[in-house]
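What follows is the residue order along each chain.
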Amino acid sequence: MKLFITLASLLLINSTVLAQTNLLTTAESSNYTLTSTHQNVLDFVSQLDKKSHYLRIEYIGKTTEGKPIPMLILANPMINSPKDLLNDERLVVYFQANIHSGEVEGKETTQALARELIKNPKSDIFKNLILLIVPDLNADGNDKMSDQNRTNQNGPKSVGVRHNGQFLDINRDAMKLETPEMRAVVSKIYKVWDPAIVVDMHTTDGSYHVEPLTFTWQMNPNGDRNLINYMRDKMMPWVSETLLEKYKTLNCYFGEFIDRGNRSKGWSSYASEPRYMTNYVGIRNRLSILNENYVYADYKARVNGSYNLLLSVLDFAIENKNEIKNLVAEADKKSLLINENPSLVDSFAIQYEGRPTPYPETIMTYEVEVIKNKNGRTQYKKTDRRADVTVPYIADYYATKQIAYPYAYILAVEDQKVMDVLHLHGIELKRLSSDMELEVEQYNITKLTPAERLNQGHYLNSIEGNFTVEKKEFKAGTYYILSNQKLRSLASYLLEPEIDDNLLTWNFFDRYLVPQWGNYYFPYPVYRIRKQVNL
């Protein structure tokens, strides 16, 4: 209880101090009618940097249009380099906002939070945590403000666009790494700082409900199951209760009704692929939270709700720091030992499905009326009649088809684009020291179908085929990837041919799959080495 009182008193905004410093976010200074331009953000964080020794700015990269991307580091004592984390007992936490730059409250919230935290450098937060904040990841999209963007959103008057300067959605880029923003986050934050907890901040586009704040956790089954269950069974219920009891913030888990006409079918958190930031962090075996603020709540309520969510996450991180460190370390240890005991008990999901969590979720919602639009299509119109429902929460994803992790993968082609992406992710690659004949599992393609519609500039591939065991010659210098590494799940996700979000899906291997003439396919140029062998 003492901890709660200390944090709450620390983080209540002191109007007298604010008046003296005159350091307000754009949301605050406009009485929640406007949101920050990227220059507003740069000016604000620069002022914070000048006022405190406990905040430092690093620039992790530049956008397509050349805008710098600032990352705030909050620490006492200030850490000089990520290399110093080896001897540091503090837990690293990362808050990220404005990946979709029309969804603006996280950008305002993180600026205000940084300002409040540096007022008390002796707090329990600074004693236990190192906090990283990127308040405006999508700076190019942010500055394309218009009152015609997100017109269904309840304030502010004018916001940016969803896409970045390349017309790509950064929150679909975690695997293919084509945007400078995502490349910066993966290479300069996840690879270097390796945060144990990540919060990615958004605004909803979905179902009607009362709660101004929703959130969920990493759900792809190829993340460590112990970490997923920890989020589901302990951290997220604790955060939800703390939000309600301590911060007086109504909240529910993020989702949409599977069928708005029959809500008993359930409330579903549906985006399970690692192209999404939250699930990507999960398959790196770290704790990850997706924050989705309710689009129809007023702007100030969304800012306040997301602010209180971040405080609740910090509360939990302080109280459970050592437990989180141990869980993450155990997940890493398991990945490093995979080749010593390969089995389907510890397997990789090729196909998977969403199932209900152990406990249902209550949603404070409204009755709807069924109407037909001019095309005869059924639509649902919200009424003002409240109708709270308790329904299954579809957010537990389990394998329906799985494999044991192979000993290694070996690449038959040395494609620079593939190598670049693997290196950026932090996948450990090695080279054969001599020519070798190896027994491998070869994937033989029987059907390759591109999507009919472009998605993020790609016609996504779907593939069918089968594996056969073959003896193949590989030259000295050929790249291979051992499974006993911390990022084994990510490596398998990028390279397994039949998984849903791999490099093959995103067209990285297209030139190697079919001949110039003929109606047959080449073997997929990534082979499994199943048996342990001295490479």
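Everything numeric in this text was worked out from a predicted model, so none of it was measured.

> Just give me the short version of the environment of Lys-447, but keep the residues and values in it.
Position of Lys-447 relative to the elements: it lies in strand S19 (residues 436–450). Overall, Lys-447 belongs to the partly exposed group, its relative accessible area being 43%. On a C-alpha basis, the gap between Lys-447 and Tyr-520 in space is 9.4 Å, while along the polypeptide they are 73 residues apart. In this structure, Lys-447 is in contact with Ser-462, Ile-463, Glu-464 and Tyr-521, ignoring residues within four places of it in sequence.

> Can you tell me about the pattern of salt bridges, naming the residues and giving the values?
Proximity of charged atoms lets side chains of opposite charge pair with each other. All told, the structure shown has 42 salt bridges when counted by the stated rule. For Arg-183, the salt bridge goes to Asp-420, with nearest N and O atoms at 2.9 Å. With a gap of 237 residues between them, Arg-183 in helix H8 (residues 180–190) and Asp-420 in helix H13 (residues 416–425) connect regions that are remote in the sequence. Arg-232 serves as the salt-bridge partner of Asp-233, at 2.7 Å between the closest nitrogen and oxygen. In this structure Asp-233 comes out as partly exposed when scored by relative accessible area, which is 43%. Accessibility expressed as a relative area gives 13% for Arg-232, which makes it buried. Sharing partners across several salt bridges, the network here consists of Glu-103, Arg-150, Arg-162, Asp-169, Arg-172 and Asp-205.

> So what's going on with the sheet that holds strand S1 (residues 55–62)? Residues and values would help.
Read across the open sheet, the 8 strands follow the order S1-S2-S4-S3-S5-S10-S6-S7; overall the sheet is mixed. Of all strands in the sheet, those bounded by a partner on one side alone are S1 and strand S7 (251–253). Across this sheet, the average inter-strand angle for adjacent strands is 20°, counted without regard to direction. Bridge analysis of strand S5 (residues 197–203) against strand S10 (residues 287–293) gives 7 bridges, and the strand direction is parallel. The residue of S10 that forms the bridge with Ile-197 is Leu-287. Docked against the sheet, helix H4 (residues 38–51) engages S1 and strand S2 (68–74), running at close to 145° with respect to S1.

> Now, about the pairing of strand S3 (residues 91–96): what can you tell me, with residues and values included?
Counting buried residues in S3 gives 6 out of 6 residues, a clear majority hidden from the surface. Residues of S3 alternate between two faces, with Leu-91, Val-93 and Phe-95 on one and Val-92, Tyr-94 and Gln-96 on the opposite face, all of them buried.

> Outline the packing of aromatic side chains, supporting the account with residue identities and numerical values.
According to the stated counting rule, one finds 21 aromatic pairs in the structure shown. Each ring, one from Tyr-294 and one from Tyr-296, has its centre 5.5 Å from the other, and the planes form 75°; the classification is edge-to-face. With relative accessibility at 5%, the residue Tyr-294 sits in the buried group. Relative to Phe-522, the ring of Tyr-520 has its centre 6.0 Å away and its plane inclined at 80°; by these criteria the two rings are edge-to-face. For Tyr-520, a relative accessible area of 45% gives the class partly exposed. Each residue in the set Phe-215, Trp-217, Tyr-253 and Tyr-393 is aromatic and connected to the rest through ring pairs, giving one cluster. The ring of Tyr-398 has Arg-225 lying over it, and the distance from NZ or CZ to the ring centre is 4.1 Å.

> Can you break down H13 residue by residue, with the values?
Looking only at H13, the buried set comprises Val-418, Met-419, Val-421, Leu-422, Leu-424 and His-425. Contacts made by the buried residues of H13 are with H8, helix H10 (277–283), strand S17 (408–411), strand S21 (479–482) and helix H14 (488–495). Its side-chain oxygen placed 2.9 Å from the backbone nitrogen of Lys-417, Asp-415 serves as the N-cap of H13. Where H13 terminates, the next one or two residues include Gly-426, which has phi positive at roughly 100°.

> If you had to explain the packing of helix H9 (residues 225–245) against helix H11 (residues 299–319) to someone new, which residues and values would you point to?
Packing of H9 against H11 leaves a shortest axis separation of 9 Å and a crossing angle of 125°. Classified by the angle their axes make, H9 and H11 are oblique. For the crossing formed where H9 meets H11, the hand is right-handed. Here Tyr-230, Lys-234, Met-235, Trp-238, Val-239, Thr-242 and Leu-243 of H9 lie close against H11, whose contacting residues are Gly-305, Asn-308, Leu-309, Ser-312, Val-313, Asp-315, Phe-316 and Glu-319.

> I'd like a description of the sheet that holds strand S16 (residues 393–404), backed by residues and values.
Strands sit in the order S8-S9-S16-S11 across an open sheet of 4 strands; the sheet is mixed. One side of each edge strand has no neighbouring strand; the edge strands of this open sheet are strand S8 (256–257) and strand S11 (347–356). As defined by bridge partners, strand S9 (residues 267–268) adjoins S16 across 2 bridges and the pair is classed as parallel. Across the sheet, the residue bridging to Trp-267 is Tyr-393, located in S16.

> Tell me what's going on with H8, and back it up with residues and numbers.
Most of H8 is tucked away: 8 of the 11 residues are buried. Taken together, the buried positions of H8 are occupied by Glu-181, Met-182, Ala-184, Val-185, Val-186, Ser-187, Ile-189 and Tyr-190.

> For the side chain of Thr-203, give the residues involved together with the corresponding values.
Along the chain, Thr-203 falls in strand S5. A distance of 2.6 Å separates a polar atom in the side chain of Thr-203 from a polar atom in the side chain of Glu-105. The contact partners of Thr-203, leaving out residues within four places of it in the chain, are Glu-103, Val-104, Glu-105, Arg-150, Gln-153, Glu-292, Asn-293, Tyr-294, Val-295 and Arg-302.

Criteria and cut-off values
Residues numbered from 1 in each chain as written. Predicted model: local features only at pLDDT ≥ 70, side-chain atom pairs only at ≥ 80, totals over all residues. Heavy atoms only, no water. Helix = DSSP H or I, 4+ residues; strand = E, 2+ residues; numbered from the N terminus. Buried < 20%, exposed > 50% of the residue type's maximum accessible area, 1.4 Å probe, protein only. Contact = heavy atoms within 4.5 Å. Salt bridge = Lys/Arg side-chain N within 4 Å of Asp/Glu carboxyl O. Pairing = 2+ DSSP bridges. Axes fitted to C-alpha atoms, helices over the stretch in contact; angles between N-to-C directions. Phe/Tyr/Trp six-rings, centres within 6.5 Å; stacked < 30°, edge-to-face > 60°. Lys NZ or Arg CZ within 6 Å of the ring centre and 35° of its normal. Polar contact = N/O pair within 3.5 Å; in protein donor to acceptor, adjacent residues only side chain to side chain. Parallel < 35°, antiparallel > 145°, perpendicular 65-115°, else oblique. Left-handed = near helix turned anticlockwise from the far one by under 90°.

Fair warning: the whole summary comes from geometry, so function is off the table for now.
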